[in-house]
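An overview of the molecular structure
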Amino acid sequence: MIDLSRLQATSAITDEWEYPAADPSQSGLLQVDSDPDHKLYWEEYGNPAGEPVMFLHGGPGGACAPVMARFFDPARYRVILFDQRGCGKSQPTVASAGPEIALVNNTTDYLVYDINALRTALDITGTMHVFGGSWGSTLALVYAIRHPENVASLILRGIFLGAREDLQYMYQGNAATFADAPFALTEPGSYIAYPDEWKAFVEVIPAADRTDMMRAYKAIFDMAAASDADRALQLRAAVAWSVWEGTISNMIPKDSDPGKFGDAEFALSFAQIEAHFFAHDLFLEPDYILDNIDRIAGIPMHIVHGRFDQVCPLTQASRLIAALADAGASPASYVRTNAGHSAMERETALALTAIMDGLAPIG
């Protein structure tokens, strides 16, 4: 049984982890493609003989961190964290090798392939729990649609369906009219709650190019840098893109330090991978997940979504649940937390841990 009694009406960042920090029991680099030479960095935590959990990080391009293993009882679960193509400790990264190399063969189809390659390499032969947040929820749903036989349950946080309207909400907002009326509420968007941070994001792009902010940023990332000024602009754009998302991921920003989102190496991979996927509609047909929901209607699905999420607004969870209902199903649990987007906000972290504690055992 899932016990959510520990949740309280607060959005403070959690310092109440049920399970302690730990080092991975093993890690490695798995070669999954030869041209370019993509290698996935992976780590394993918990019980080597436990129920397998495949953890899918956000972004695309966000990478994993050891803290992500703390949602799971280490005596019960065998937790696999891995960095998706082009980011984190996987090789090559966009930051180190450049997009012309690291973004080759970097699509949703390849990421689904990588999950199965990890399953094979780590000798996971039965079903597994698939746990993903934000873009990780997208990838988890796509994986389950294509390989339902491998999925025991889906644990999803901050649902992201990737429709154009979802991206416009976060990246476009009132940018087109910002130069003349920076505080006008001309369109819905995340900018409403974060005006100073929005200003920093918008002003990287010249006023004449702000009718499509994602396209304008992608043009900066894609240009052949011919000078130090060009390279400085690309770095500035990557950091601005990254810091914008990192800042609005918490309902109440933690402090003025953007953390990893302000780090040049992280930002160069994160921003360029996201822009690459968004420019190609996540490499999915429109409404791919909702149109194929019947394929996963029988898989227990647990959803946690912050009520005040400004990266992936709550309407995305509502659309997913409505599609399930049309397929004659409903989520096994659905928790709306008093939080924003981050998995590390207190209520969301506690809800995810409680769900994992209460899952029926595989088999």
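In what follows, the accompanying structure is described. Since this is a predicted model, take the numbers as computed values, not measurements. (Residues numbered from 1 in each chain as written. Predicted model: local features only at pLDDT ≥ 70, side-chain atom pairs only at ≥ 80, totals over all residues. Heavy atoms only, no water.)

What follows is about the pattern of salt bridges. Side-chain pairing between opposite charges can occur once the charged atoms of the two side chains come close. Inspection of every chain in the model, using the stated rule, returns 13 salt bridges. In this structure, Asp 37 and Lys 39 form a salt bridge, with 2.5 Å as the shortest nitrogen-oxygen distance. For Arg 164, the salt bridge identified is with Asp 212, shortest N-O distance 3.4 Å. In this pair, Arg 164 is assigned in helix H5 (residues 164–171) and Asp 212 in the loop between helix H6 (195–202) and helix H7 (213–222), connecting sequence segments 48 residues apart. You can call Asp 212 buried: its relative accessible area is 17%. (Salt bridge = Lys/Arg side-chain N within 4 Å of Asp/Glu carboxyl O. Helix = DSSP H or I, 4+ residues; strand = E, 2+ residues; numbered from the N terminus. Buried < 20%, exposed > 50% of the residue type's maximum accessible area, 1.4 Å probe, protein only.)

With that settled, consider H5. All of the buried residues along H5 are Asp 166, Leu 167, Met 170 and Tyr 171. For H5, the arc enclosing every buried residue in end-on projection is 110°, short of the 170-degree limit, so these residues lie on one face. Buried residues belonging to H5 abut H6, H7, helix H8 (228–248), helix H9 (264–279) and helix H11 (315–326). Backbone geometry just after H5 places Gly 173 at a positive phi near 50°. (Arc of directions from axis to C-beta. Contact = heavy atoms within 4.5 Å.)

Turning our eyes to something else, we now look at the nonpolar core. With 83 residues, the main nonpolar core has Leu 154, Tyr 217 and Trp 241 as its most contacted residues. A total of 8 residues in this core trace back to one element, the largest contributor, which is helix H4 (residues 135–146). Those residues in contact with Trp 241, other than ones at most four positions away along the chain, are Tyr 171, Phe 201, Met 214, Tyr 217, Phe 221, Ala 271, Glu 274, Ala 275 and Phe 278. One finds Trp 17, Tyr 45, Ala 351 and Met 356 within the second-largest nonpolar core, a separate group that totals 23 residues. (Core = buried A, V, L, I, M, F, W, Y, C linked by side-chain atoms within 4.5 Å.)

The buried fraction of strand E3 (residues 51–56) is high, at 6 of 6 residues. Side chains Glu 51, Val 53 and Phe 55 of E3 all project onto a buried face; the interleaved residues Pro 52, Met 54 and Leu 56 project onto the opposite face, where all are buried too. Pairing between E3 and strand E4 (residues 77–82): 5 bridges, direction parallel. In the sheet register, Pro 52 faces E4, and the bridge partner there is Arg 78. Two elements, E3 and strand E5 (residues 128–133), share 4 bridges in a ladder whose sense is parallel. In the strand pairing of E5, Val 53 is matched with His 129. (Pairing = 2+ DSSP bridges.)

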